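Here are the chains, one letter per residue:
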Amino acid sequence: MILRDYRNFERLECEFPEAGVAIIGPNGSGKTNLLEAICYLEVFRSFRGVRDRELVRFGQTVFRVEGEVEGGTSVAAAYDRSQRIKKVEVDALEVERVSAGIGSVGVAAFRLDDAEIVRGGPTLRRRFLDIALSVGVPDYLPALQRYRSLLSQRNEALRRGGSNDEIEAWTEGLVEAGGVLTERRATWVSEGAERYADYYARISGGDSAGLRYSASIASDGGPEGAVSWEDRFRSALERTGERERRQGMTVVGPHRDEIRFEVEAPEGPRDLRSYGSSGQQRTAALALRLLEADRLRERLGREPLYLLDDVFAELDEGRSDRLFRLFESERGGQVILTAPKTGDVGLMGGKLARWRLRNGRIIA
């Protein structure tokens, strides 16, 4: 892997050991920056949600990241802050559209901040789904891009008080793209709910948990599956037309949908966002990431590259031990993990190579 003028790295070249490596260094040394750069080659955006111009090293105008999967694909990405241009190469050929290179490496990233997916706002949960499905489902990203474009046009017409004909001109395409998004999201969640519950139970030590997709589009009261998501969306837009006019925006659709995380309690299912403990929220996030990694492994036909960014730091000893065992017994891929000190590294029986990171430089 090669980094040039990315975050705090002026230039870094490294080859990760086959089993993986534990990268040790104090906060601020660049550990997360390195994992972010690896993940950038998978989705061409920061996993922290920051803009590309913020990734360029201070005082420079261009960053470049290059990586190669052993025996497989090479990927490179560069961004020019002065011209606001991003370029992506796959196997040394520049792709016409950045989206065409998404998912070429195969990266499963686990982060300390993942608990925010559970306890934060719905935008974070939709973002999780959009990234996971853009990487794993071929027709998802084109539908998402089309939906966002049409939603923007339709909302602009509503804000201006456009005619019914003008608003309708954007509606049918929105319904078609939105139907694809909702169906793919709902299927991803429903098909993975049992596996998610199993991971949650194994990490927590036996607790029961649930995962479900909550669409803003009503089911119209018919049997599940009897009415398509596209038809439901169209009907919902008809019902909310007056409210849309008042608010000047589209008030239902995939941009208003949710994932619900629940855990069983004596009084019944408890919403983890509102009532879950920190440990329960972190467990839910880990189970969700493991599910995402499973889907990625199935698509690739091989193990993905696992990035673990200080994920054990705020887990209690029991959850940490159970997560250790789960990785060691069921995850055979290359692992790159970060930790602030050597004593925090125990994964893979402590057999991972250990590198120290200081001031943007690796000391093997």
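1. As for the packing of aromatic side chains
Thought 1: What the rule picks out here adds up to 13 aromatic pairs.
Thought 2: Considering the side-chain rings of Y6 and F63, the 5.2 Å spacing of their centres and the 85 degrees angle between planes classify their relative orientation as edge-to-face. Taken together, the residues span a long stretch of sequence, with Y6 in strand β1 (residues 2-6) and F63 in strand β4 (residues 62-68) at a distance of 57 residues.
Thought 3: Accessibility expressed as a relative area gives 0% for Y6, which makes it buried.
Thought 4: Ring centres of F128 and W188 lie 5.8 Å apart, and the angle between their planes is 70 degrees; on these two criteria the pair is classed as edge-to-face. Residue F128 is found in helix α3 (residues 122-136), and its partner W188 is found in helix α5 (residues 164-204); the two are separated by 60 residues along the sequence.

2. With respect to the sheet that holds strand β8 (residues 107-111)
Thought 1: Reading across from one edge, β8-β12-β13-β3-β14-β15 is the order of the six strands in this open sheet, with mixed pairing throughout. The open sheet terminates on both sides in strands that have one partner only, identified here as β8 and β15 (361-363). Adjacent strand axes in the sheet meet at a mean angle of 20 degrees, parallel and antiparallel pairs treated alike.
Thought 2: Of the pairings in the sheet, the one linking strand β14 (residues 353-358) to β15 comprises three bridges and is antiparallel in character. Paired with R356 across the two strands is I363, which belongs to β15.
Thought 3: Contacts between helix α9 (residues 278-300) and the sheet are confined to β8 and β12 (305-309), with β8 contributing the most and set at about 175 degrees to the helix.

3. Quick notes on the nonpolar core
Thought 1: Counting 66 residues, the largest nonpolar core has F110, W188, Y196, F261 and L308 as the members making the most contacts within it.
Thought 2: With eleven residues, the top contributor of residues to this core is α5.
Thought 3: Counting residues in hydrophobic clusters, the runner-up holds 37 residues, among them Y6, Y40, V95 and I336.

4. Re a negative patch on the surface
Thought 1: On the surface, a cluster of negative charge is made up of E15, E18, E68, E70 and D91.
Thought 2: Counting through the fold element by element, E68 comes out in strand β4.

5. Thoughts on α9
Thought 1: The end-to-end C-alpha separation of α9 is 33 Å, in line with the 33 Å expected for 23 residues at 1.5 Å each.
Thought 2: Among the 23 residues that make up α9, 17 are buried, leaving the element largely enclosed by the rest of the structure.
Thought 3: Once α9 ends, the next one or two residues include G301, with phi positive near 75 degrees.

6. Observations concerning the packing of helix α4 (residues 140-159) against α5
Thought 1: With their axes 8 Å apart at the nearest point, α4 and α5 run at an angle of 145 degrees to one another. The handedness of the crossing between α4 and α5 comes out as left-handed. On α5, the residues that touch Y140, A143, L144, R146, Y147, L150, L151, Q153, R154, A157 and L158 of α4 are E166, I167, W170, T171, G173, L174, A177, G178, V180, L181, R184 and R185.
Thought 2: The class makeup of the residues in the contact of α4 with α5 is 14 nonpolar, four polar and five charged.

Cut-offs and rules
- Residues numbered from 1 in each chain as written.
- Predicted model: local features only at pLDDT ≥ 70, side-chain atom pairs only at ≥ 80, totals over all residues.
- Heavy atoms only, no water.
- Phe/Tyr/Trp six-rings, centres within 6.5 Å; stacked < 30°, edge-to-face > 60°.
- Helix = DSSP H or I, 4+ residues; strand = E, 2+ residues; numbered from the N terminus.
- Buried < 20%, exposed > 50% of the residue type's maximum accessible area, 1.4 Å probe, protein only.
- Pairing = 2+ DSSP bridges.
- Axes fitted to C-alpha atoms, helices over the stretch in contact; angles between N-to-C directions.
- Contact = heavy atoms within 4.5 Å.
- Core = buried A, V, L, I, M, F, W, Y, C linked by side-chain atoms within 4.5 Å.
- Patch = residues over 30% accessible without salt bridge, like charges linked within 9 Å, V, L, I, M, F, W, Y side chains within 5 Å.
- Areas by Shrake-Rupley, 256 points an atom, 1.4 Å probe, with all protein chains shown as cover.
- Salt bridge = Lys/Arg side-chain N within 4 Å of Asp/Glu carboxyl O.
- Lys, Arg positive; Asp, Glu negative; His and termini not counted.
- Charge placed at Lys NZ, Arg CZ, Asp CG, Glu CD.
- Expected span 1.5 Å × (residues − 1).
- Left-handed = near helix turned anticlockwise from the far one by under 90°.
- Nonpolar A, V, L, I, M, F, W, Y, C, P; charged D, E, K, R; others polar.

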